[in-house]
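# Examination of the molecular architecture
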Amino acid sequence: MAGDLSLGVNIDHVATLRNARDARYPSPVFAAQVAEQAGADHITVHLREDRRHVGDEDVRLIKALLQTRMNLQMALNPALLDFVLGIAPQDVCLVPADGDQQSGSHGLDVRGNRAEVGEYIKKLNAAGVRTSVLLAPDFEQIRLAHALGAQAIELDTGRYAAALDRKARETEYARVKVAAEYAANLGLVISAGHGLNYHNAEPIAAIAQVSELNIGHAIIAHALIVGLPTAVREMKMLMIRARLTAKRELAEDDDN
């Protein structure tokens with residue numbers, strides 16, 4: 001835990017490598033345990049409708065073996081909902097269905113799916129699951145998710161991560177920052193993720209209202225070179241440094 005900032009490691013791409021050869025290795029279950037032992041505060045998995053990453057048995061085993069908690073991402077799909085309610089992970093994040101993403105924004109359209117999102121949140125909350133929604137940094141979508149009973153949101157950082165020049169990156173960063181502030185004022189728990197890596201995660205980690213980062217591809221890719229424990233520890237250190245630096249700078253501004 002980096003102060004009030006935690007790291008969720010997404011292990012989907014370990015399953016992608018396994019599935020590329022229809023093999024039994026590398027095991028996403030073992031990877032989840034290794035990441036946890038190296039300092040991950042929770043493990044994120046995206047159970048897709050076509051099961052192209054983790055499968056049902058992966059999810060069952062990871063949930064049973066984790067010492068921390070599971071953050072399970074899922075689309076609005078009745079069959080997925082029945083399975084997830086049976087597993088009862090600590091956290092569920094509702095995300096767009098495969099193929100529903102539009103023009104660089106991977107947030108769920110709560111406004112366009114209001115009744116269905118509300119139904120899923122109600123059922124998950126009733127099962128004791130902390131329910132989140134993946135959202136673009138958009139005030140209306142955040143407000144609607146909160147009104148429907150979401151306890152948390154994940155702000156999509158995809159456009160920030162994909163920005164090719166400084167001005168565009170600063171614009172997208174500002175959108176994430178003000179959205180986090182808005183959501184915090186509503187009492188929501190805020191995580192952030194999508195496209196974050198060792199070069200761009202620090203500014204997001206420095207946002208005081210963000211309490212969790214979910215990072216997968218960058219950590220798994222780096223792990224091919226340095227090993228998974230080192231990759232996890234290096235990301236945690238980066239996050240800690242960014243948060244502590246931001247706190248120190250804020251304290252200095254207050255003193256002045």
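Residues numbered from 1 in each chain as written. Predicted model: local features only at pLDDT ≥ 70, side-chain atom pairs only at ≥ 80, totals over all residues. Heavy atoms only, no water.

### Examining the sheet that holds strand E4 (residues 91-94)
Going by this rule: Pairing between two strands is assigned when DSSP locates at least 2 bridges connecting them. Only DSSP runs of H or I with at least four residues qualify as helices, and only runs of E with at least two residues qualify as strands; both kinds are numbered from the N terminus onward. Axis definition: a line fitted to C-alpha atoms, over the contacting stretch in the case of helices. Angles run 0 to 180 degrees between N-to-C directions.
The strand order E1-E2-E3-E4-E5-E6-E7-E8 describes a closed barrel built from eight strands, whose pairing is parallel. Direction aside, the axes of adjacent strands within the sheet are offset by 25° on average. In this sheet, strand E8 (residues 212-215) lies alongside strand E7 (residues 189-193) in parallel orientation, the contact comprising three bridges. What sits directly across from Ser191, in E8, is Glu212.

### Concerning the UniProt feature "binding site: 1-deoxy-D-xylulose 5-phosphate" (unreviewed entry) in the chain
Spelled out, the test is: UniProt positions are given in the numbering used here, feature names are shortened, and annotations may be inferred rather than shown by experiment. Both site types are read off a 1 Å grid over the protein atoms alone. A 1.4 Å probe that fits but cannot get out defines a cavity, while an open set with protein on both sides within 12 Å along at least five of seven lines defines a pocket; lining residues have an atom within 4 Å of a point. Residue exposure (1.4 Å probe, protein chains only): buried if accessible area is under 20% of the type maximum, exposed if over 50%, otherwise partly exposed. For this analysis, residues touch if any pair of their heavy atoms sits within 4.5 Å. N or O atoms closer than or at 3.5 Å make up a polar contact, with two conditions inside protein: a donor-capable atom paired with an acceptor-capable one, and, for residues adjacent in sequence, both atoms drawn from side chains.
The positions UniProt marks with the feature "binding site: 1-deoxy-D-xylulose 5-phosphate" (unreviewed entry) are Asp12, His13, Arg48 and His53. In sequence the annotated residues extend across 42 residues, while in space they remain close, none of their C-alpha pairs exceeding 12.7 Å. Within the annotated group just given, the residues that line the largest pocket are Asp12, His13, Arg48 and His53. A relative accessible area of 5% means that Asp12 is categorised as buried. Aside from chain neighbours lying at most four places away, what touches Asp12 is Thr44, Val45, His46, His53 and Val54. Within the secondary structure, His53 is located in the loop between strand E2 (42-46) and helix H3 (56-65). What His53 contacts, discounting residues up to four positions off in sequence, is Asp12, Ala15, Thr16, Arg18, Asn19, His46 and Arg48. Engagement of the side chain of His53 in a polar contact is seen with the side chain of Thr16, the distance being 2.7 Å.

### What to know about the nonpolar core
In plain terms, the rule: The criterion is simple. A nonpolar core is a set of buried Ala, Val, Leu, Ile, Met, Phe, Trp, Tyr and Cys residues joined through side-chain atoms within 4.5 Å.
In this structure, Ile11, Ile43, Leu94, Leu213 and Ile219 are the most contacted members of the largest nonpolar core, which totals 74 residues. By residue number, the principal contributor to this core is helix H11 (residues 228-255), which donates seven residues. Setting aside chain neighbours within four positions, we find Ile43 in contact with Val9, Ile11, Ala32, Ala35, Glu36, Ile62, Leu66, Arg69, Met70 and Asn71.

### As for empty space enclosed by the protein
Selection rule: Grid points are joined across faces, edges and corners, and a volume is the space filled by probe spheres set on the points. Each residue gets one label: Ala, Val, Leu, Ile, Met, Phe, Trp, Tyr, Cys and Pro are nonpolar, Asp, Glu, Lys and Arg are charged, and the others, such as Gly, are polar.
The final tally for this structure, using the stated rule, is one cavity of 30 Å³ or more. In this model, the largest cavity occupies a volume close to 90 Å³. In terms of lining residues, the largest cavity is bounded by 16 residues, among which Asn71, Arg130, Ser132, Ser191 and Glu212 are the most central. Its residues assigned to classes, the lining of the largest cavity shows six nonpolar, five polar and five charged.

### Points about the UniProt feature "site: Transition state stabilizer" (unreviewed entry) in the chain
Mapped onto the present numbering, the UniProt feature "site: Transition state stabilizer" (unreviewed entry) falls on Glu154. Structurally, Glu154 can be placed in strand E6 (residues 152-156). Sequence-distant contacts of Glu154, defined by excluding residues within four places in its chain, comprise Gln73, Cys93, Ser132, Val133, Leu134, Leu135, Ser191, Ala192, Gly193 and Asn214.

### As for the packing of helix H10 (residues 217-226) against H11
Basically, it comes down to this: Orientation is classified from the angle alone, with under 35 degrees giving roughly parallel, over 145 giving roughly antiparallel, 65 to 115 giving roughly perpendicular, and any other angle giving oblique. Crossings are assigned a handedness: left-handed for a near helix turned anticlockwise from the far helix by less than a right angle, right-handed for a clockwise turn.
Where H10 meets H11, the axes come as close as 7 Å, and the angle between the chain directions of the two elements is 125°. Here H10 lies oblique to H11, going by the angle between them. For the crossing formed where H10 meets H11, the hand is right-handed. Along the contact surface, H10 presents Ile219, Ile220, His222, Ala223 and Val226, while H11 presents Leu228, Thr230, Ala231, Val232, Glu234 and Met235.

### Some details on the pattern of salt bridges
Stated formally: Take a side-chain nitrogen of Lys or Arg and a carboxyl oxygen of Asp or Glu: if they are within 4 Å of each other, that pair is a salt bridge.
All told, the structure shown has 17 salt bridges when counted by the stated rule. For Glu140, the salt bridge identified is with Arg111, shortest N-O distance 2.8 Å. Of this pair, Glu140 sits in helix H6 (residues 139-147) while Arg111 sits in the loop between E4 and helix H5 (114-126), placing them 29 residues apart in sequence. Note on Arg111: relative accessible area 46%, which makes it partly exposed. One salt bridge connects Lys123 with Glu119, and the closest N-O pair in it is separated by 3.1 Å. In this pair, Lys123 and Glu119 both sit in helix H5, four residues apart, roughly one turn of the helix. Three or more residues joined by partner-sharing salt bridges are found here, namely Arg69, Asp91, Arg130 and Glu212.

### A closer look at the layout of surface pockets
Considering only enclosed or pocket space, the largest pocket measures out at about 580 Å³ in volume. Around the largest pocket sit 27 residues that line it, and Asn10, Arg48, Gln73, His194 and Gly195 are the ones nearest its centre. Classifying every residue of the lining of the largest pocket gives six nonpolar, 15 polar and six charged.

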